[in-house]
There are 2 protein chains.
Amino acid sequence: MLPERTVERLSEYRRTLLRKLSEGVTHIHSHSLASMHGITAVQVRRDLMLIGFSSDNKKGYNVSELIDFISSILDSRNVIGVAVVGMGRLATAITSYFNGKRSKMRIVAAFDNDPEKTGRQIASIPVYSIEEFAEQCEKLSVRIALLTLPAKAIDGVRHIIDASPVEGVLNFTSKPFTPAEGSNMYVEDYDIITLLEKVAYFIKDDDIS
Amino acid sequence: MLPERTVERLSEYRRTLLRKLSEGVTHIHSHSLASMHGITAVQVRRDLMLIGFSSDNKKGYNVSELIDFISSILDSRNVIGVAVVGMGRLATAITSYFNGKRSKMRIVAAFDNDPEKTGRQIASIPVYSIEEFAEQCEKLSVRIALLTLPAKAIDGVRHIIDASPVEGVLNFTSKPFTPAEGSNMYVEDYDIITLLEKVAYFIKDDDIS
DNA sequence: CATCTTCTGTTAATTTATAAACAAAATTAA
DNA sequence: TTAATTTTGTTTATAAATTAACAGAAGATG
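Note that the structure is a prediction, hence the values are computed from the model and not measured.

## Points about the sheet that holds strand S9 (residues 186-189) of chain B
All names here are of chain B.
Piece 1. Pairing is mixed across the open sheet formed by seven strands, whose spatial order is S5-S6-S4-S3-S7-S8-S9. Bordering the open sheet on either side are strand S5 (121-122) and S9, each of which pairs with just one other strand.
Piece 2. In this sheet, strand S4 (residues 105-112) lies alongside strand S3 (residues 80-85) in parallel orientation, the contact comprising six bridges. Residue Ala83 lies in a different strand from S4, and its bridge partner there is Ala109.
Piece 3. Sheet strands touched by helix H5 (residues 89-98): S3, S4, S5 and strand S6 (125-129). Its angle to S4, the strand with the most contacts, is close to 160 degrees.
Piece 4. Against the sheet, helix H6 (residues 133-140) makes contact with S3, S4, S6 and strand S7 (142-147), and its axis sits at roughly 165 degrees relative to S4, the strand it touches most.

## Examining the interface of chain A and chain B
Piece 1. Contact residues are listed per partner, giving 51 residues for chain A and 50 residues for chain B.
Piece 2. Among the secondary structure elements, those contributing two or more residues to the side of chain A that touches chain B are helix H1 (4-22), strand S3 (80-85), helix H5 (89-98), strand S7 (142-147), strand S8 (168-171), strand S9 (186-189) and helix H8 (192-206) of chain A.
Piece 3. In terms of residue count, H8 of chain A provides more of the side of chain A that touches chain B than any other element does, 15 residues in total.
Piece 4. Classifying every residue of the side of chain A that touches chain B by side-chain character gives 27 nonpolar, ten polar and 14 charged.

## With respect to the protein's contact with DNA strand D
Piece 1. Taken together, 23 residues surround DNA strand D, and among them Pro3 and Arg5 of chain A together with His29, Ser30 and Ser54 of chain B come closest.
Piece 2. Broken down by secondary-structure element, the contributors of at least two residues to the surface near DNA strand D are H1 and helix H3 (41-51) of chain A together with helix H2 (30-36) and helix H3 (41-51) of chain B.
Piece 3. Residue contributions to the surface near DNA strand D peak at six residues, all from H3 of chain B.
Piece 4. By residue class, the composition of the surface near DNA strand D is seven nonpolar, nine polar and seven charged.

## Observations regarding the protein's contact with DNA strand C
Piece 1. Lining the immediate surroundings of DNA strand C are 23 residues, of which His29, Ser30 and Ser54 of chain A together with Pro3 and Arg5 of chain B lie closest.
Piece 2. Those elements giving two or more residues to the surface near DNA strand C turn out to be helix H2 (30-36) and H3 of chain A together with helix H1 (4-22) and H3 of chain B.
Piece 3. In terms of residue class, the surface near DNA strand C is built from seven nonpolar, nine polar and seven charged.

Rules of the game
- Here the residue numbering is sequential within each chain, running from 1 through the sequence in written order.
- Here the convention is simple: chains get letters from A, ligands get numbers from 1, in the order in which they are written.
- Note on the predicted model: pLDDT of at least 70 is required for a residue's local features to be given, and 80 or more for side-chain atom pairs to be given and counted; whole-chain, interface and lining totals, by contrast, use all residues.
- Strand pairing follows a simple DSSP-based rule, namely that at least 2 bridges must link the two strands.
- In DSSP terms, a helix is any run of H or I states spanning at least four residues, a strand is any run of E spanning at least two, and both are numbered starting from the N terminus.
- Two residues qualify as being in contact provided that their C-beta atoms, derived from the backbone, are within 7 Å of each other.
- Every angle, taken between N-to-C directions, lies between 0 and 180 degrees, and every axis is a line fitted to C-alpha atoms, over only the stretch in contact when it is a helix.
- For this classification, the nonpolar set comprises Ala, Val, Leu, Ile, Met, Phe, Trp, Tyr, Cys and Pro, the charged set comprises Asp, Glu, Lys and Arg, and every other residue, Gly included, is treated as polar.
- The rule is simple: place the C-beta atom from the backbone, and if it lies within 6 Å of a molecule or strand, the residue is near it.

Listed below in structure tokens is the structure:
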């Protein structure tokens, strides 16, 4: 089990490496990769050490080998289905952005309680009524739920998600998602207001130093 | 200067507290606040200790006092302007969601190079051409830029942002934002694919344990 | 060819963040 | 009123994450 931060960085490295590969770059040094991410080369090397990757020459890491190696760590064997709960603007934007970019994860369904939206496709994925959640998740191998509904609505879906095969939640709502007692669901609360307030705090204090 | 994580949590506490206040709750215990965020009560008390807040009774913290205290830590004296760079769907969703929620921060302008978008208002904020960036940021007291443009376009705006009064960047692009050498800009790269991959990794490994 | 530099992989040290432990004060219960 | 419980604030300990230090090897330089 890798440290959280390392997992995040591996994902970021991979995306940078994929871009570099498409630009025709075949080898990359730890320094180079580091500076592209605003971190130190030691950090990069340490992360790669943790996953057991090493290069056999001094021309830098082989980009395509490293991509494959990171993928062998991060990707699951089978495609992981992702379901969107609350098919508003944010969800539409995320779905369009995400689908097609990664092969081992795919947003396969959306759920909403607005009858205007259900029964048709939005951003190329089918929108179901929230009542069908557990059933469709089962059918579509959904293991991750992406919450993009109004904060007020979150209490109404908590038990629905708890009663489904979903194992991980990525919550964009301003209200934290707390799974049922004893559940070992992996939850990531992720609020844009908090991020903005964090940036504001640290630029504010920059003035003093 | 508070630890990063504490700043994040304070922002989250405040939002929970504001919601509780609107529900008529006047006092709240550390245990209660903690369980709403999936953390321990010790963590809550420690965070409050760090900012120097203490309660004078055993009925729990006074919600409205605590909100004011956190605000005195997190909020700047004057309103901080935020500019959106790349007025697509994600930006529209974020802007509509964000504006009106916090009084000390406000998305005041958007910039785009699509002539279909410039010169009018989207999500109630004016959209300018990217050429006007520095000028309008100066005029509107913009100190934070929110990057929501295509990854390919980021290299084209880097020098524009570096040459502006912007002090902090919140980057939703899949490509990391690296400010000019020697700049002390505060950057937060924040990619949805990374988050999903992180969740995927940790639910994947749940199976083994 | 010999030296000098550069880069990697790994260990050791430091810093940051979380959790445990506990004394003091206040409320509750007997 | 007195004892038991609860909650806080703070100190001490543990764990996680980052950074520094350095030996060894590949490649570059003279």
